[in-house]
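The residues making up each chain are set out below.
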Amino acid sequence: MAAERTVDVESLQDDSPIIFYTFEYLSNSSRFRTLLKDRFRESGHTRRIEFRHWDCYHEIPDTDGDIYAYDACTMSALVDKGILRVLPEIIDTSKVFDWILDRSKFKGKTYGFPFMTCANVLICRKKDYTPVNNIFEIEGGLSAPLKSMIGYYSVLAFCNYQDRSEGCISVIEKIFRTIGGYEAFEESKLDADKVIDRFRSGQCKYLLGFTENLRFLDREDYVVQLANLSENDVNEMPLFMTDFISMGQSTSGEKLLDCLDIMEIVTDSSFVRDLCTGENGLEYMLPADKTLYPIFAEVDPVYEQLYDLVSDENNGILRYGSNFYEEFDLRKAILLSVVRSMEDN
(Lines give C-alpha, C1' and ligand atoms only; values in the text may rest on other atoms or scores of the structure.)
Protein backbone atom coordinates (compact mmCIF):
# COMPACT_ATOMS: atom_id res chain seq x y z
CA MET A 1 0.00 0.00 0.00
CA ALA A 2 1.47 3.32 -1.07
CA ALA A 3 2.28 5.82 1.64
CA GLU A 4 -0.31 8.53 2.05
CA ARG A 5 0.80 11.87 0.63
CA THR A 6 -0.32 15.29 1.73
CA VAL A 7 -0.02 18.50 -0.27
CA ASP A 8 0.63 21.90 1.26
CA VAL A 9 -1.60 24.01 -0.96
CA GLU A 10 -0.21 27.28 0.42
CA SER A 11 3.30 26.34 -0.66
CA LEU A 12 2.07 25.90 -4.25
CA GLN A 13 0.09 29.09 -4.49
CA ASP A 14 1.25 32.31 -2.87
CA ASP A 15 -1.54 34.88 -3.02
CA SER A 16 0.04 37.30 -0.55
CA PRO A 17 -0.20 40.99 -1.52
CA ILE A 18 2.59 42.91 -3.19
CA ILE A 19 4.02 45.28 -0.60
CA PHE A 20 4.81 48.51 -2.45
CA TYR A 21 6.66 51.26 -0.56
CA THR A 22 6.01 54.57 -2.28
CA PHE A 23 6.67 58.16 -1.25
CA GLU A 24 4.30 61.09 -1.17
CA TYR A 25 6.66 63.57 -2.84
CA LEU A 26 5.99 61.89 -6.16
CA SER A 27 3.75 64.47 -7.80
CA ASN A 28 0.09 63.38 -7.59
CA SER A 29 0.90 60.16 -5.76
CA SER A 30 -2.78 59.23 -5.35
CA ARG A 31 -3.21 59.27 -9.12
CA PHE A 32 -0.09 57.10 -9.44
CA ARG A 33 -1.59 54.47 -7.16
CA THR A 34 -4.98 54.48 -8.88
CA LEU A 35 -3.52 54.26 -12.37
CA LEU A 36 -1.19 51.44 -11.37
CA LYS A 37 -3.92 49.35 -9.76
CA ASP A 38 -6.16 49.81 -12.79
CA ARG A 39 -3.42 48.88 -15.28
CA PHE A 40 -2.40 45.88 -13.18
CA ARG A 41 -5.98 44.57 -13.19
CA GLU A 42 -6.41 45.29 -16.91
CA SER A 43 -3.34 43.16 -17.62
CA GLY A 44 -5.09 40.17 -16.04
CA HIS A 45 -3.47 40.17 -12.59
CA THR A 46 -5.56 39.51 -9.49
CA ARG A 47 -2.92 39.86 -6.77
CA ARG A 48 -3.62 42.71 -4.36
CA ILE A 49 -1.19 45.65 -4.12
CA GLU A 50 -0.68 46.98 -0.61
CA PHE A 51 0.77 50.49 -0.73
CA ARG A 52 2.82 51.64 2.24
CA HIS A 53 3.78 55.28 2.46
CA TRP A 54 7.27 56.25 3.56
CA ASP A 55 9.30 59.41 3.47
CA CYS A 56 12.32 58.18 1.54
CA TYR A 57 14.23 61.34 2.47
CA HIS A 58 14.08 60.72 6.21
CA GLU A 59 13.07 57.12 6.91
CA ILE A 60 14.70 53.77 6.19
CA PRO A 61 11.93 51.42 4.99
CA ASP A 62 11.33 47.95 6.34
CA THR A 63 12.91 45.10 4.41
CA ASP A 64 9.58 43.34 3.78
CA GLY A 65 8.85 45.36 0.66
CA ASP A 66 8.43 43.74 -2.74
CA ILE A 67 8.70 47.04 -4.65
CA TYR A 68 10.12 50.42 -3.70
CA ALA A 69 9.67 53.79 -5.43
CA TYR A 70 12.14 56.42 -4.25
CA ASP A 71 14.38 59.34 -5.13
CA ALA A 72 17.76 58.28 -6.53
CA CYS A 73 19.58 60.37 -3.94
CA THR A 74 18.86 57.50 -1.53
CA MET A 75 19.72 54.64 -3.90
CA SER A 76 23.25 53.98 -2.64
CA ALA A 77 22.05 53.88 0.96
CA LEU A 78 19.17 51.53 0.17
CA VAL A 79 21.47 49.15 -1.71
CA ASP A 80 24.12 49.30 1.00
CA LYS A 81 21.54 48.43 3.66
CA GLY A 82 20.50 45.35 1.69
CA ILE A 83 17.00 46.58 0.84
CA LEU A 84 17.19 46.56 -2.98
CA ARG A 85 18.14 43.70 -5.27
CA VAL A 86 20.06 43.56 -8.53
CA LEU A 87 17.67 43.50 -11.48
CA PRO A 88 17.87 41.72 -14.81
CA GLU A 89 17.99 44.25 -17.61
CA ILE A 90 14.91 42.85 -19.31
CA ILE A 91 12.74 45.98 -19.23
CA ASP A 92 12.80 48.09 -22.38
CA THR A 93 14.65 51.32 -21.58
CA SER A 94 15.32 52.39 -25.17
CA LYS A 95 13.12 55.48 -24.75
CA VAL A 96 14.89 56.68 -21.60
CA PHE A 97 17.43 59.50 -21.81
CA ASP A 98 20.87 57.92 -22.13
CA TRP A 99 22.43 60.04 -19.40
CA ILE A 100 19.89 58.74 -16.85
CA LEU A 101 20.70 55.14 -17.71
CA ASP A 102 24.45 55.75 -17.73
CA ARG A 103 24.50 57.39 -14.30
CA SER A 104 21.99 55.26 -12.41
CA LYS A 105 23.99 52.11 -11.75
CA PHE A 106 25.56 51.20 -8.42
CA LYS A 107 28.98 49.60 -8.74
CA GLY A 108 28.18 48.77 -12.34
CA LYS A 109 24.92 46.96 -11.56
CA THR A 110 21.28 47.86 -12.20
CA TYR A 111 19.15 48.17 -9.07
CA GLY A 112 16.27 50.22 -10.42
CA PHE A 113 14.54 51.61 -13.47
CA PRO A 114 13.84 55.35 -13.87
CA PHE A 115 10.40 56.68 -14.71
CA MET A 116 10.44 60.36 -13.71
CA THR A 117 13.03 63.05 -13.20
CA CYS A 118 12.93 66.49 -11.61
CA ALA A 119 15.05 69.63 -11.49
CA ASN A 120 15.45 72.76 -9.40
CA VAL A 121 14.57 75.47 -11.89
CA LEU A 122 14.13 79.21 -12.08
CA ILE A 123 10.74 80.24 -13.47
CA CYS A 124 10.06 83.75 -14.72
CA ARG A 125 7.32 85.31 -16.82
CA LYS A 126 8.68 85.84 -20.32
CA LYS A 127 7.57 89.48 -20.30
CA ASP A 128 9.59 90.08 -17.10
CA TYR A 129 12.62 88.00 -17.97
CA THR A 130 16.13 89.36 -17.93
CA PRO A 131 18.80 86.71 -18.60
CA VAL A 132 20.57 85.56 -15.45
CA ASN A 133 23.48 83.14 -15.32
CA ASN A 134 23.21 82.27 -11.65
CA ILE A 135 21.35 82.86 -8.42
CA PHE A 136 23.50 85.88 -7.54
CA GLU A 137 22.40 87.84 -10.61
CA ILE A 138 18.70 87.77 -9.71
CA GLU A 139 17.04 91.15 -9.34
CA GLY A 140 13.39 91.75 -8.66
CA GLY A 141 12.88 89.29 -5.84
CA LEU A 142 12.73 85.53 -5.46
CA SER A 143 10.42 83.01 -3.86
CA ALA A 144 11.79 79.59 -2.93
CA PRO A 145 11.02 76.66 -0.56
CA LEU A 146 14.30 77.30 1.25
CA LYS A 147 13.36 75.79 4.61
CA SER A 148 12.39 72.45 3.06
CA MET A 149 15.13 72.37 0.43
CA ILE A 150 18.07 73.85 2.34
CA GLY A 151 20.00 70.57 2.48
CA TYR A 152 19.59 69.94 -1.23
CA TYR A 153 20.43 73.52 -2.17
CA SER A 154 23.70 73.16 -0.26
CA VAL A 155 24.56 69.94 -2.12
CA LEU A 156 23.73 71.54 -5.47
CA ALA A 157 25.82 74.58 -4.55
CA PHE A 158 28.75 72.36 -3.61
CA CYS A 159 28.50 70.57 -6.96
CA ASN A 160 28.00 73.80 -8.91
CA TYR A 161 31.13 75.32 -7.36
CA GLN A 162 33.06 72.02 -7.35
CA ASP A 163 36.06 73.67 -5.69
CA ARG A 164 34.66 75.98 -2.99
CA SER A 165 32.86 74.33 -0.09
CA GLU A 166 32.34 77.72 1.58
CA GLY A 167 30.29 78.69 -1.47
CA CYS A 168 27.43 76.59 -0.08
CA ILE A 169 26.91 79.02 2.79
CA SER A 170 27.09 82.06 0.52
CA VAL A 171 24.38 80.55 -1.71
CA ILE A 172 22.10 79.82 1.25
CA GLU A 173 22.63 83.34 2.56
CA LYS A 174 21.90 84.82 -0.88
CA ILE A 175 18.62 82.91 -1.17
CA PHE A 176 17.75 83.78 2.45
CA ARG A 177 18.22 87.51 1.83
CA THR A 178 16.55 87.50 -1.59
CA ILE A 179 13.35 85.80 -0.41
CA GLY A 180 12.99 88.42 2.32
CA GLY A 181 14.79 87.25 5.45
CA TYR A 182 13.68 85.24 8.45
CA GLU A 183 9.90 85.75 8.29
CA ALA A 184 9.78 84.58 4.67
CA PHE A 185 12.16 81.74 5.51
CA GLU A 186 9.79 80.31 8.14
CA GLU A 187 7.04 80.17 5.50
CA SER A 188 9.27 78.76 2.77
CA LYS A 189 8.17 75.12 2.75
CA LEU A 190 7.38 72.81 -0.14
CA ASP A 191 3.76 72.45 0.94
CA ALA A 192 3.27 76.16 1.67
CA ASP A 193 0.97 77.98 -0.77
CA LYS A 194 2.72 81.23 0.08
CA VAL A 195 5.84 80.23 -1.85
CA ILE A 196 3.79 79.98 -5.06
CA ASP A 197 1.52 82.90 -4.16
CA ARG A 198 4.42 85.35 -3.80
CA PHE A 199 5.40 84.70 -7.40
CA ARG A 200 1.88 84.33 -8.77
CA SER A 201 0.79 87.66 -7.26
CA GLY A 202 3.79 89.49 -8.72
CA GLN A 203 5.54 90.16 -5.40
CA CYS A 204 8.72 88.70 -6.87
CA LYS A 205 10.09 88.20 -10.34
CA TYR A 206 11.49 84.69 -10.02
CA LEU A 207 10.37 81.40 -8.54
CA LEU A 208 12.98 78.83 -7.54
CA GLY A 209 11.09 75.58 -7.57
CA PHE A 210 10.21 72.62 -9.75
CA THR A 211 8.60 72.36 -13.17
CA GLU A 212 5.50 70.90 -11.48
CA ASN A 213 4.87 74.36 -10.00
CA LEU A 214 3.78 75.50 -13.47
CA ARG A 215 0.43 73.76 -13.00
CA PHE A 216 -0.41 76.19 -10.18
CA LEU A 217 0.40 79.28 -12.25
CA ASP A 218 -1.76 81.31 -14.61
CA ARG A 219 -1.49 80.31 -18.25
CA GLU A 220 1.21 82.65 -19.54
CA ASP A 221 4.51 82.41 -21.37
CA TYR A 222 7.29 81.43 -18.97
CA VAL A 223 11.02 81.07 -19.22
CA VAL A 224 12.29 77.99 -17.38
CA GLN A 225 16.00 77.42 -16.77
CA LEU A 226 18.05 75.16 -14.54
CA ALA A 227 19.05 76.85 -11.31
CA ASN A 228 22.77 77.62 -11.06
CA LEU A 229 23.44 77.84 -7.33
CA SER A 230 26.86 79.43 -7.59
CA GLU A 231 28.58 82.59 -8.79
CA ASN A 232 29.84 80.87 -11.93
CA ASP A 233 28.55 81.89 -15.34
CA VAL A 234 27.90 78.26 -16.28
CA ASN A 235 26.50 75.36 -14.28
CA GLU A 236 29.15 72.77 -15.03
CA MET A 237 27.31 70.00 -13.21
CA PRO A 238 23.53 70.14 -13.82
CA LEU A 239 21.89 67.62 -11.49
CA PHE A 240 18.40 66.13 -11.55
CA MET A 241 16.46 64.38 -8.82
CA THR A 242 15.18 61.17 -10.42
CA ASP A 243 12.49 58.72 -9.34
CA PHE A 244 13.25 55.00 -9.61
CA ILE A 245 11.36 51.79 -9.06
CA SER A 246 13.18 48.78 -7.60
CA MET A 247 12.48 45.34 -6.20
CA GLY A 248 13.07 44.07 -2.67
CA GLN A 249 15.48 41.31 -1.75
CA SER A 250 13.00 38.68 -0.55
CA THR A 251 10.54 38.58 -3.46
CA SER A 252 10.41 35.23 -5.25
CA GLY A 253 8.23 32.85 -7.26
CA GLU A 254 5.09 34.04 -8.99
CA LYS A 255 5.12 37.25 -6.99
CA LEU A 256 8.51 38.16 -8.46
CA LEU A 257 7.04 37.85 -11.96
CA ASP A 258 4.08 40.00 -10.93
CA CYS A 259 6.47 42.63 -9.58
CA LEU A 260 8.39 42.68 -12.86
CA ASP A 261 5.08 43.25 -14.63
CA ILE A 262 4.37 46.19 -12.31
CA MET A 263 7.79 47.66 -13.09
CA GLU A 264 7.06 47.32 -16.81
CA ILE A 265 3.74 49.10 -16.34
CA VAL A 266 5.29 52.00 -14.39
CA THR A 267 8.02 52.54 -17.00
CA ASP A 268 5.69 52.16 -20.00
CA SER A 269 5.12 55.26 -22.13
CA SER A 270 1.33 55.10 -21.94
CA PHE A 271 1.34 54.89 -18.14
CA VAL A 272 3.79 57.78 -17.75
CA ARG A 273 1.81 59.84 -20.28
CA ASP A 274 -1.40 59.35 -18.30
CA LEU A 275 0.41 60.09 -15.04
CA CYS A 276 1.73 63.37 -16.46
CA THR A 277 -1.72 64.42 -17.69
CA GLY A 278 -4.01 64.58 -14.69
CA GLU A 279 -7.69 65.36 -14.46
CA ASN A 280 -6.97 69.08 -14.89
CA GLY A 281 -4.43 68.82 -17.68
CA LEU A 282 -0.65 68.67 -17.73
CA GLU A 283 1.11 68.04 -14.43
CA TYR A 284 4.37 69.51 -15.83
CA MET A 285 6.44 66.61 -14.57
CA LEU A 286 9.61 65.56 -16.39
CA PRO A 287 9.31 61.97 -17.63
CA ALA A 288 12.45 59.92 -18.08
CA ASP A 289 10.88 58.83 -21.39
CA LYS A 290 12.18 61.25 -24.06
CA THR A 291 9.43 60.38 -26.57
CA LEU A 292 6.71 62.07 -24.52
CA TYR A 293 8.01 65.65 -24.71
CA PRO A 294 6.82 66.34 -28.30
CA ILE A 295 3.36 65.06 -27.32
CA PHE A 296 3.18 67.38 -24.31
CA ALA A 297 4.61 70.30 -26.32
CA GLU A 298 1.53 70.14 -28.56
CA VAL A 299 -0.52 71.03 -25.48
CA ASP A 300 1.91 73.59 -24.02
CA PRO A 301 5.01 74.76 -25.93
CA VAL A 302 6.87 75.22 -22.62
CA TYR A 303 7.68 71.52 -22.95
CA GLU A 304 10.05 72.45 -25.76
CA GLN A 305 12.09 74.34 -23.16
CA LEU A 306 11.79 71.45 -20.73
CA TYR A 307 13.04 68.99 -23.33
CA ASP A 308 16.07 71.18 -23.98
CA LEU A 309 16.87 71.07 -20.26
CA VAL A 310 16.45 67.32 -19.83
CA SER A 311 18.08 66.21 -23.08
CA ASP A 312 21.50 67.69 -22.26
CA GLU A 313 23.93 64.77 -22.09
CA ASN A 314 25.99 66.67 -19.50
CA ASN A 315 23.18 66.19 -16.99
CA GLY A 316 23.72 64.05 -13.94
CA ILE A 317 21.58 62.40 -11.27
CA LEU A 318 21.66 63.85 -7.78
CA ARG A 319 22.88 60.91 -5.70
CA TYR A 320 24.15 60.84 -2.16
CA GLY A 321 26.49 58.27 -0.64
CA SER A 322 25.67 55.19 1.40
CA ASN A 323 25.63 57.32 4.57
CA PHE A 324 22.66 59.42 3.43
CA TYR A 325 20.37 58.52 6.34
CA GLU A 326 23.11 59.01 8.93
CA GLU A 327 24.40 62.35 7.60
CA PHE A 328 21.88 64.29 5.56
CA ASP A 329 19.49 65.41 8.29
CA LEU A 330 22.46 66.38 10.46
CA ARG A 331 23.73 68.52 7.60
CA LYS A 332 20.32 70.14 7.29
CA ALA A 333 20.20 70.88 11.03
CA ILE A 334 23.58 72.61 10.87
CA LEU A 335 22.43 74.74 7.93
CA LEU A 336 19.21 75.68 9.71
CA SER A 337 21.25 76.93 12.67
CA VAL A 338 23.42 78.95 10.28
CA VAL A 339 20.33 80.56 8.77
CA ARG A 340 18.96 81.46 12.18
CA SER A 341 22.28 83.13 13.03
CA MET A 342 21.98 85.23 9.85
CA GLU A 343 18.98 87.02 11.27
CA ASP A 344 21.02 88.05 14.29
CA ASN A 345 23.82 89.53 12.16
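Because the structure is predicted, anything quoted here is derived from the model rather than measured.

*Asks:* Just checking my understanding: could you explain the environment of Val-79 for this structure?
*Replies:* Here Val-79 is to be found in helix H3 (residues 75–80). With a relative accessible area of 11%, Val-79 lands in the buried category. Expressed as a C-alpha distance, the spacing of Val-79 and Thr-93, which sit 14 residues apart in the sequence, is 21 Å. Apart from the residues lying within four places of it in its own chain, the contact partners of Val-79 are Leu-84, Phe-106 and Tyr-111.

*Asks:* Could you clarify how one ought to interpret a negative patch on the surface in this entry?
*Replies:* Taken together, the side chains of Asp-98, Asp-102, Asp-312 and Glu-313 make up a negatively charged region of the molecular surface. Take Asp-312: it is sitting in the loop between helix H12 (302–310) and strand S13 (316–317).

*Asks:* Just to check I follow, could you spell out unusual backbone geometry for this structure?
*Replies:* For residues other than glycine, phi is negative in most cases, and the peptide bonds are mostly trans. Positive phi values are uncommon outside glycine, yet Lys-107 reaches one of about 55 degrees. Inspection of the secondary structure puts Lys-107 in the loop between helix H4 (98–102) and strand S4 (113–118). A relative accessible area of 72% places Lys-107 in the exposed class. Within the chain, Tyr-284 stands out as a residue other than glycine whose phi angle is a positive 60 degrees. Taking relative accessible area as the criterion, Tyr-284 reaches 8% and is therefore assigned buried.

*Asks:* Hey, could you run me through the pattern of salt bridges in this one?
*Replies:* One side chain can pair with another of opposite charge once the charged atoms of both are near each other. Taken as a whole, this structure holds 16 salt bridges when the rule is applied. Two residues, Asp-64 and Arg-52, come together in a salt bridge whose shortest N-O distance is 2.5 Å. Separated by 12 residues along the polypeptide, Asp-64 in the loop between strand S2 (49–53) and strand S3 (67–71) and Arg-52 in strand S2 bring together distant segments of the chain. Its relative accessible area of 34% is what places Asp-64 among the partly exposed residues. Looking at Arg-52, the relative accessible area reads 26%, which means it is partly exposed.

*Asks:* Please clarify how the nonpolar core should be interpreted in this entry.
*Replies:* Nonpolar side chains in soluble globular proteins tend to be buried together. Residues Phe-20, Leu-36, Ile-175, Leu-208, Leu-229 and Ile-262 are the most contacted members of the largest nonpolar core, which totals 123 residues. When residues in this core are grouped by element, the largest group, 10 residues, is from helix H5 (residues 146–161). Sequence-distant contacts of Leu-229, that is, excluding residues within four places in its chain, are made with Ile-135, Tyr-153, Leu-156, Ala-157, Asn-160, Tyr-161, Val-171, Ile-175 and Leu-208.

*Asks:* Sorry if this is basic, but what is going on with the packing of aromatic side chains here?
*Replies:* Aromatic ring pairs are defined here through the distance separating the ring centres and the angle between the ring planes. Considering all chains together, one arrives at 25 aromatic pairs under this definition. Ring centres of Phe-176 and Phe-185 lie 6.0 Å apart, and the angle between their planes is 65 degrees; on these two criteria the pair is classed as edge-to-face. Pair check on accessibility: Phe-176 and Phe-185 agree, each one buried. Judged by centre distance (5.1 Å) and plane angle (55 degrees), the ring pair of Phe-296 and Tyr-303 falls under tilted. Taking relative accessible area as the criterion, Phe-296 reaches 1% and is therefore assigned buried. Members of the aromatic cluster, joined through ring pairs, are Phe-23, Tyr-57, Tyr-152, Tyr-320, Phe-324, Tyr-325 and Phe-328. The aromatic ring of Phe-199 is capped on one face by Arg-125, whose charged end is 4.4 Å from the ring centroid.

Reading the values: the criteria
Residues numbered from 1 in each chain as written. Predicted model: local features only at pLDDT ≥ 70, side-chain atom pairs only at ≥ 80, totals over all residues. Heavy atoms only, no water. Helix = DSSP H or I, 4+ residues; strand = E, 2+ residues; numbered from the N terminus. Buried < 20%, exposed > 50% of the residue type's maximum accessible area, 1.4 Å probe, protein only. Contact = heavy atoms within 4.5 Å. Patch = residues over 30% accessible without salt bridge, like charges linked within 9 Å, V, L, I, M, F, W, Y side chains within 5 Å. Areas by Shrake-Rupley, 256 points an atom, 1.4 Å probe, with all protein chains shown as cover. Salt bridge = Lys/Arg side-chain N within 4 Å of Asp/Glu carboxyl O. Lys, Arg positive; Asp, Glu negative; His and termini not counted. Charge placed at Lys NZ, Arg CZ, Asp CG, Glu CD. Core = buried A, V, L, I, M, F, W, Y, C linked by side-chain atoms within 4.5 Å. Phe/Tyr/Trp six-rings, centres within 6.5 Å; stacked < 30°, edge-to-face > 60°. Lys NZ or Arg CZ within 6 Å of the ring centre and 35° of its normal.

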